[in-house]
Amino acid sequence: MATQHAASGTDTTAAGLDAEVIIIGAGVTGIHQLHLLREAGVDVKLIEAGTNVGGTWYWNRYPGARFDSESYSYGYFFDRELLAEWQWSEHFAGQAETERYLNFAVDKLGLRDLMQFRTRVAGATFDEASATWTIDIEGGTQLRSRFLISATGVLSVPYWPAIPGRERYQGEAHHTGQWPKEPVDFKGKKVAVIGTGASAVQLIPEIAKEVAELVVYQRTPNWNSPLNNGKITDAEQAEIRAAYDEIYNDCMSSFAGFVHRASRKRTFDDTKEERWAHYEQLYHQKGFAKLLSNYRDMMTNREANAEFSEFVAEKIRARINDPKLAEKLIPTDHGFGMRRPPMESGYYEAYNQPNVTLVDLNETPIVTITEAGIETKDGERAFDIIVWATGFDGFTGALTRMHIVGEGGRVLREQWAKGVVTYLAAMVPGFPNFFMAGGPHLIAGNFPRATEIMVDYITGVLLHARANGSTFVAPDPEAAAQWTEEVHEAAKIALIAENSWFRGANIPGKAQEYLPYAGSLTKFRARMGVMDEQGYPGLAFGTPVGA
Ligand code: NA7
């Protein structure tokens, strides 16, 4: 749980700073980071582009948006009162409940006064003489701080593909990652959904109940499996409340921060009958159990992976009435888990409804968006609403869209154009006093459990600097190169699809490399946990003459 650090004084006014530390982003990670620094007595401020807190849970308010992490494994564990006063209603909470939770946490912790909303960062420049950051806000204002922490999320820059004619369309168009605050009225409408990733898979069964007609434009099917959500009963609630320590420890001693326990067995240790019985019970377990409690070699052994994929394919066939349609919904270019497997609630059954149609873009590609709708190779269809469920510029997008200028005028976007280099996912060589609390090279999974390691680490670094009178912190390029190499090595072990957005494959022109750290959360946490006692190896601390 969160480390407490001694408070120390600041004199930011004398240095002409707006705050000693500025955090960008009021999502789950930014809120946690703000709390830790405020608790430690640091002069800190948080800025956020939206009008309120929530991050992912503020922007992604499309119908069906919900956790794929168990609710009680996702929230904050650092405060007993927060745990005691909040009660999740479902095993996998919907967006509205999570947004309420984050607002509750911010108010309970008394953090709102330190936040400035409607403030979108355009860029930031490091001044070497004074060792400070000047932050350019869209609209022309500036803020200055000693340290800058980006808590901008890994899926916060919506990707709108450059399909010709998009601007011509006269109907309503919404991206799942930028959903309007006012509910969109789907009742009786003709609706198109472009994309079949995790967001579309959540949205489609929800809106299929209301629309007159739904046409789904699919380029690549995914391996979707049941979320198995449900209301939390009173008895379960009591069990969860009694087991918070255990839940937390299970998450923090797991591969990716989830509650699911890993199996010790390898696939072919069991007979075929035993294997299929295991798969069957996994299919009925909650959330990511299918991936994380599967045989331990399911994600490293191609034959093992192919067999589980075949099991899931059979499940899909059994749920779709039209056998030809079923085959179109079964992936053929990658195995289960090689791309992020979406979790669904009635996704396949939606295709059995007479008002739902699938367009396979491999057979009939989109030619253009028209004023009225979408034209594919076999003709035009008119729509009242087009939903763009086309994903995000993941992991790096929120960092590279800002014009971040470090030492010697180097620009982060340009420095990463051929490949990302970080030190422990936290810092970038050439960008002193700049930290990432959630970005590339961090474990992908139940993100709050991964980012809490980062906010603890960053807090520790800043307090170490303060304790030593340092106003300058920078990673050693050698240490960063070594860590980056470790990230690349870790990615070699797992089966990963070439066309996964985890590799940047969805964004034209983006360097193709596995962006998260594929080693385990347990290993990463153990490594980060001893940094303080080791005096933060790999970082240089100092005080420039002018600072
Ligand atoms: P994803 O998983 O990146 O899905 C985006 C979808 O959009 C995917 O099916 C893409 O097909 C499709 N897409 C992208 N560009 C096009 C074009 N040009 N034409 C047709 N279809 C296209 O994003 P999500 O929002 O669903 O999920 C992201 C994460 O958010 C998710 O994993 C959760 O952790 C939360 P493709 O597969 O590239 O062929």
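Residues numbered from 1 in each chain as written. Predicted model: local features only at pLDDT ≥ 70, side-chain atom pairs only at ≥ 80, totals over all residues. Heavy atoms only, no water.

1. A short note on the site of the ligand
Test applied: Nearness here has a simple test: a residue counts as near a molecule or strand if at least one of its heavy atoms is within 4 Å of that partner. Two N or O atoms count as a polar contact when they lie within 3.5 Å, although within protein this holds only if one can serve as hydrogen donor and the other as acceptor, and sequence-adjacent residues are included solely when both atoms are side-chain atoms. Only the protein chains shown count as cover for residues, and all accessible areas are computed by the Shrake-Rupley method using a 1.4 Å probe. Each residue is assigned to one class: nonpolar for Ala, Val, Leu, Ile, Met, Phe, Trp, Tyr, Cys and Pro, charged for Asp, Glu, Lys and Arg, and polar for all the others, Gly among them.
Contacts to the ligand come from 20 residues, most closely from Thr196, Ser199, Thr220, Arg339 and Arg340. Alanine 198 is positioned with one of its backbone polar atoms (N or O) 2.9 Å from an oxygen atom of the ligand. One of the side-chain nitrogen or oxygen atoms of serine 199 is found 2.6 Å away from an oxygen atom of the ligand. Considered on its own, the ligand offers 780 Å² of accessible surface; in the complex 86% of this is hidden by protein. Of the residues that constitute the shell around the ligand, the class distribution is 10 nonpolar, seven polar and three charged.

2. Remarks on helix α6 (residues 198-208)
Stated formally: Think of it in three bands: with a 1.4 Å probe and only protein chains considered, a residue is buried below 20% of the maximum accessible area for its type, exposed above 50%, and partly exposed in between. Helix and strand labels come from DSSP, where a helix needs a run of H or I of at least four residues and a strand needs a run of E of at least two; each type is numbered from the N terminus. Working rule for contacts: check all heavy atoms of both residues, and any pair within 4.5 Å makes them a contact.
Among the 11 residues that make up α6, nine are buried, leaving the element largely enclosed by the rest of the structure. Within α6 the residues assigned to the buried category are Ser199, Ala200, Val201, Gln202, Leu203, Ile204, Pro205, Ile207 and Ala208. Considering only its buried residues, α6 is in contact with β8 (190-194), β9 (213-218), β11 (343-344), α13 (347-350), β12 (356-360) and β16 (385-388).

3. Some thoughts on the packing of helix α1 (residues 28-39) against helix α5 (residues 95-109)
Definition in use: The angle between two axes is taken between their N-to-C directions and runs from 0 to 180 degrees, where each axis is a line fitted to C-alpha atoms and a helix contributes only its stretch in contact. The cut-offs work like this: below 35 degrees is roughly parallel, past 145 is roughly antiparallel, 65 to 115 is roughly perpendicular, and the gaps in between are oblique.
Running from N to C, α1 and α5 point in directions that differ by 10 degrees, and their axes come no closer than 11 Å. Considering the angle they form, α1 stands roughly parallel to α5. Note on element contacts: α5 touches α1 through Leu102, Val106 and Leu109, opposite Val28, Ile31, His35 and Arg38. Looking at side-chain class alone, the contact of α1 with α5 contains five nonpolar, one polar and one charged residues.

4. Overview of the domain arrangement of the protein
Which entries qualify depends on this criterion: The domain boundaries here were taken from an automatic or database domain assignment. A quick way to say it: buried area is the sum, across both parts, of accessible area lost when two parts are put together, with a 1.4 Å probe. One side-chain nitrogen of Lys or Arg within 4 Å of one carboxyl oxygen of Asp or Glu is enough to make a salt bridge.
Domain boundaries in the protein define domain 1 (19-51 + 117-157 + 394-542), domain 2 (158-223 + 344-391) and domain 3 (254-336). The C-alpha-based centres of domain 1 and domain 3 are spaced at 34 Å. Taken over both partners, the interface formed by domain 1 and domain 3 buries close to 970 Å², and the fraction arising from carbon and sulfur atoms is 59%. Counting the contacts that link domain 1 with domain 3 gives zero salt bridges.

5. Overview of the packing of aromatic side chains
We count it as follows: Here the aromatic set is Phe, Tyr and Trp, taking the six-membered ring for Trp, and pairing holds for ring centres within 6.5 Å; pairs whose planes are under 30 degrees apart are stacked, those over 60 apart are edge-to-face, and all others are tilted. Think of it as a cone above the ring: NZ of Lys or CZ of Arg counts as a charge over the ring if it is within 6 Å of the ring centre and within 35 degrees of the ring normal.
Counted under the stated rule, the structure contains 39 aromatic pairs. Measuring from centroid to centroid gives 5.5 Å for phenylalanine 67 and tryptophan 88, while their planes differ by 65 degrees, and the two rings are edge-to-face. You can see phenylalanine 67 sitting in the loop between α2 (56-59) and α3 (71-74) and its partner tryptophan 88 sitting in the loop between α4 (80-85) and α5, a full 21 residues away along the chain. Judged by relative accessible area, tryptophan 88 falls into the buried class, the value being 4%. These aromatic residues form a ring-pair network of at least three members: Trp57, Phe67, Tyr74, Tyr76, Phe78, Trp86, Trp88, Tyr101 and Phe104. In this structure, arginine 61 is placed above the aromatic ring of tyrosine 58, and the distance from its NZ or CZ to the ring centre is 5.2 Å. Positioned over the ring face of tryptophan 388 is arginine 166, at 5.7 Å from the centre of the ring.

6. Some details on a negative patch on the surface
Note the following rule: Excluding any residue in a salt bridge, patches collect residues exceeding 30% relative accessible area, merging like charges within 9 Å and nonpolar Val, Leu, Ile, Met, Phe, Trp and Tyr side chains within 5 Å. Here the positive residues are Lys and Arg and the negative ones are Asp and Glu; neither His nor the chain ends is included. For this purpose, a charge sits on NZ of Lys, CZ of Arg, CG of Asp or CD of Glu.
On the surface, a cluster of negative charge is made up of Glu172, Asp185, Glu210 and Asp384. Note on placement: glutamate 210 falls in the loop between α6 and β9.

7. Remarks on the sheet that holds strand β14 (residues 373-376)
Applied cut-off: When DSSP finds at least two bridges between two strands, those strands are taken to pair.
Within the open sheet, the three strands sit side by side as β13-β14-β15. Their pairing is antiparallel. The outermost strands of the open sheet, each flanked by one partner alone, are β13 (366-369) and β15 (379-382). In this sheet, neighbouring strand axes are inclined to one another by 20 degrees on average, regardless of whether the strands run parallel or antiparallel. Across four bridges, the pairing between β14 and β15 is antiparallel. The residue of β15 that forms the bridge with glutamate 375 is glutamate 380.

8. Some points on the side chain of glutamate 70
Assignment of secondary structure puts glutamate 70 in the loop between α2 and α3. With no salt bridge to any partner, buried glutamate 70 finds its closest opposite charge in lysine 286, at an N-O distance of 7.2 Å. A distance of 3.0 Å separates the side chain of glutamate 70 from the side chain of histidine 260, its partner in a polar contact. Residues in contact with glutamate 70, not counting those within four places in the same chain, are His91, Phe92, Phe258, Val259, His260, Lys286 and Gly287.

9. Some points on the sheet that holds β12
Pairing within the open sheet is parallel, and its five strands lie in the order β7-β16-β8-β9-β12. Bordering the open sheet on either side are β7 (172-175) and β12, each of which pairs with just one other strand. Between one strand and the next, the sheet's axes are offset by a mean angle of 20 degrees, whatever the strand orientation. In the sheet, β9 pairs with β12 via five bridges, with the strands oriented parallel. By the bridge assignment, glutamine 218 is partnered in β12 with aspartate 360.

10. Some details on the environment of alanine 450
Residue position: alanine 450 is located in helix α16 (residues 447-467). Residue alanine 450 is classed as buried on the basis of its relative accessible area, which comes to 1%. Once the C-alpha coordinates of alanine 450 and leucine 521 are considered, the two residues, 71 residues apart in sequence, prove to be 6.9 Å apart. Beyond its immediate stretch of four places on either side in the chain, alanine 450 contacts Leu442, Ile443 and Leu521.

11. Concerning unusual backbone geometry
In this model, asparagine 228 sits at a positive phi of 55 degrees, which is unusual for a non-glycine residue. With respect to the element layout, asparagine 228 can be found in the loop between β10 (225-226) and α7 (234-242). You can call asparagine 228 partly exposed: its relative accessible area is 23%.

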